[in-house]
Amino acid sequence: MDHLPVFLDVKGKKIIVDGGGTLAARRVERALDAGAMVHVYAEKLGEEFRELKNHPSLTHHTDAPQLPDFIGATVAYGATEDEERDRHLYDMANHNHVLANVADVTEYCDFITPSIIDRSPLVIAISSGGAAPIIARILRARIEAILPAAYGKLAAFSGRLRERVMTKLKTPESRRMFWENTIDGPVADKFLSGDPKAAKKQFLIELDAAALGQDVEKVGEVYLVGTGPGDPDLLTFRALHLMQRADVVLYDRLIGDGIINLVRRDAERVFVGKRPNDHAMEQQEISDLMVKLAKEGKRVLRLKGGDPFIFGRGGEELETLAAADVPFQVIPGITAASGCASYAGIPLTHRDHAQSCVFVTAHGKDGVLSLDWETMARPGQTVAIYMGRSSLDFLTEEFIRRGVDPNTPAAIVDNGTRPNQQVVKGTLSNLYEKAEAANLPGPALVIIGSVVDLSDTLNWYKNFETDKHTMSLSASVEL
Ligand code: SAH
């Protein structure tokens with residue numbers, strides 16, 4: 001390690017920033033945030049100082065800093081981008097034993113300014129030792145994305161309860177064990193799902209039990225998480241956070257490998273796959289299994305393709321959980337109609353084409369089809385049909401029989417948003433034949449309405465073409 005990582009307490013202490021541009025403004029902002037008395041030296045302060053310059057802890061000097069200015073300072077930043085002036089600042093700082101940092105000039109730096117993720121009081125600082133600041137910045141963006149915004153609040157919440165833990169638990173070892181169990185357990189779950197009151201209650205129960213050396217009865221929880229139609233980049237941050245917390249995951253065929261691989265590595269995996277007419281596990285069995293696992297104290301992740309509340313039987317599964325008093329959370333996902341439409345360049349509504357859009361399923365309970373044809377056949381609307389592949393023949397004929405123009409544009413999007421996405425376009429009268437010819441593997445979504453024509457110009461997702469090409473290439477290599 002080339003540097004010693006420390007977090008300096010600069011509250012009320014003097015910090016010098018030489019410069020009036022963007023670089024200087026960023027350093028001033030950070031120093032003010034940390035409570036320092038900041039002295040900035042610049043003939044003029046740039047636009048970036050607009051919000052900062054009236055800060056009560058900021059003093060603006062129009063001349064350059066002189067040797068006596070460094071007396072009593074903790075840190076000095078050179079950010080003028082004028083090499084000579086910055087070097088002079090470094091010499092003066094050194095002369096006074098003040099730590100100096102000149103932006104982007106390693107040899108004039110006593111310390112590095114790290115990239116930070118600020119969830120105060122929780123702060124993560126990343127440094128590449130000055131070797132590759134861009135890598136540190138990219139990493140910062142990634143951590144920023146995966147770290148729930150409420151983590152800082154969770155840290156503050158824990159901080160407020162520290163005294164109580166100190167009084168109740170006498171040994172450092174017992175306190176460490178207690179914090180480990182609570183901060184990664186139901187207390188944090190409750191807090192991060194937006195219920196600080198319940199989190200505090202649970203915290204106090206666990207603290208009392210720990211003080212008496214007892215175990216608290218563990219209560220698990222079920223996360224019903226929508227994963228979107230397949231492209232892992234379409235997951236929500238919240239979905240990803242819960243995927244990282246799960247102890248056991250229940251998934252089915254609609255969930256792609258790319259998504260399963262993002263689940264916490266040591267979570268147990270249970271395939272509860274359902275293929276049409278080949279139920280690996282009955283719906284009730286799945287719900288019962290979730291209840292059983294949650295009652296064992298596990299964090300159960302139930303992954304659902306698309307959105308759990310759109311043709312996903314999410315409601316049915318939750319009814320069983322509610323009846324058994326198992327706590328749960330539901331995380332929405334991008335539903336297939338949305339994902340497929342976007343990735344096929346078919347706007348579901350458009351002022352010149354469709355003022356409404358209906359989502360229907362061609363699969364009723366026990367496979368019985370009972371569609372509201374009057375609504376479906378209305379003009380000026382787009383119809384998105386889930387699970388419509390196997391009855392496409394019947395569906396398209398029925399639209400025509402109900403008086404819809406046989407030339408109405410229609411499309412079927414197979415494996416939408418995935419690398420092997422295929423879009424077959426036609427009309428009500430020929431879509432079935434075209435889909436048969438394409439021999440689509442599924443899952444597939446049917447879209448009916450004149451908006452389908454817009455994809456001729458709006459179709460932006462080209463991956464599948466290149467992929468199909470490479471797939472056939474690799475197939476021929478195998479042969
Ligand atoms: N809850 C899911 C739908 C489950 S029903 C959602 O909100 O998307 C399963 C049907 O969804 C499939 O038969 C198919 O019609 C559609 N579907 C799901 N993923 C799809 C995808 N990647 N491409 C095309 N259709 C998809």
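Our structure's up above, just so we're on the same page.
So, a few notes on the structure that sits alongside this text. Since this is a predicted model, take the numbers as computed values, not measurements.

**Here's the deal with the nonpolar core**
Counting 22 residues, the largest nonpolar core has Val 383, Ile 385, Phe 399, Ile 412 and Ile 448 as the members making the most contacts within it. Discounting residues that sit within four places of it in the chain, Ile 385 has contacts with Val 360, Ala 362, Leu 395, Phe 399, Leu 445, Val 446 and Ile 448.

**Brief notes about the site of the ligand**
Lining the immediate environment of the ligand, one finds 20 residues, of which Asp 307, Ile 310, Thr 335, Ala 336 and Ala 444 sit closest. A distance of 2.8 Å is found between an oxygen atom of the ligand and a backbone nitrogen or oxygen belonging to Asp 307. In this structure, Ile 310 approaches the ligand through a main-chain N or O atom, which is 2.7 Å from a nitrogen atom. Listed by contribution, the elements that provide at least two residues to the shell around the ligand are α12 (336-344) and β19 (444-448). Counted by class, the shell around the ligand contains twelve nonpolar, six polar and two charged residues.

**What about the sheet that holds strand β14 (residues 328-331)?**
Spatial ordering of the open sheet is given by β10-β9-β13-β8-β14, a layout of five strands whose pairing is parallel. Either end of the sheet is taken by a strand with one partner, and the two such strands are β10 (268-271) and β14. The mean inter-strand angle of the sheet, taken between neighbouring strand axes irrespective of direction, is 20 degrees. As paired strands, strand β8 (residues 221-226) and strand β13 (residues 299-304) are joined by six bridges and run parallel to one another. Within β13, the position partnered with Gly 226 by the bridge is Lys 304.

**Quick look at empty space enclosed by the protein**
Taken as a whole and assessed by the stated rule, the structure comprises one cavity of 30 Å³ or more. Each pocket or cavity is described by its volume, and for the largest cavity that value is around 50 Å³. Lining of the largest cavity is provided by Pro 148, Asp 189, Leu 192, Arg 238, His 241, Leu 242, Arg 245 and Gln 329. At the level of secondary structure, the elements contributing two or more residues to the lining of the largest cavity comprise α6 (186-192) and α8 (237-243). Looking at the lining of the largest cavity, the element that brings in the most residues is α8, giving three residues. Counted by class, the lining of the largest cavity contains three nonpolar, two polar and three charged residues.

Reading guide: rules and limits
- Residues numbered from 1 in each chain as written.
- Predicted model: local features only at pLDDT ≥ 70, side-chain atom pairs only at ≥ 80, totals over all residues.
- Heavy atoms only, no water.
- Core = buried A, V, L, I, M, F, W, Y, C linked by side-chain atoms within 4.5 Å.
- Buried < 20%, exposed > 50% of the residue type's maximum accessible area, 1.4 Å probe, protein only.
- Contact = heavy atoms within 4.5 Å.
- Near = heavy atom within 4 Å.
- Polar contact = N/O pair within 3.5 Å; in protein donor to acceptor, adjacent residues only side chain to side chain.
- Helix = DSSP H or I, 4+ residues; strand = E, 2+ residues; numbered from the N terminus.
- Nonpolar A, V, L, I, M, F, W, Y, C, P; charged D, E, K, R; others polar.
- Pairing = 2+ DSSP bridges.
- Axes fitted to C-alpha atoms, helices over the stretch in contact; angles between N-to-C directions.
- 1 Å grid on protein atoms, 1.4 Å probe; cavity = no way out; pocket = protein on both sides within 12 Å on 5 of 7 lines; lining within 4 Å.
- Points joined across faces, edges and corners; volume = space filled by probe spheres on them.

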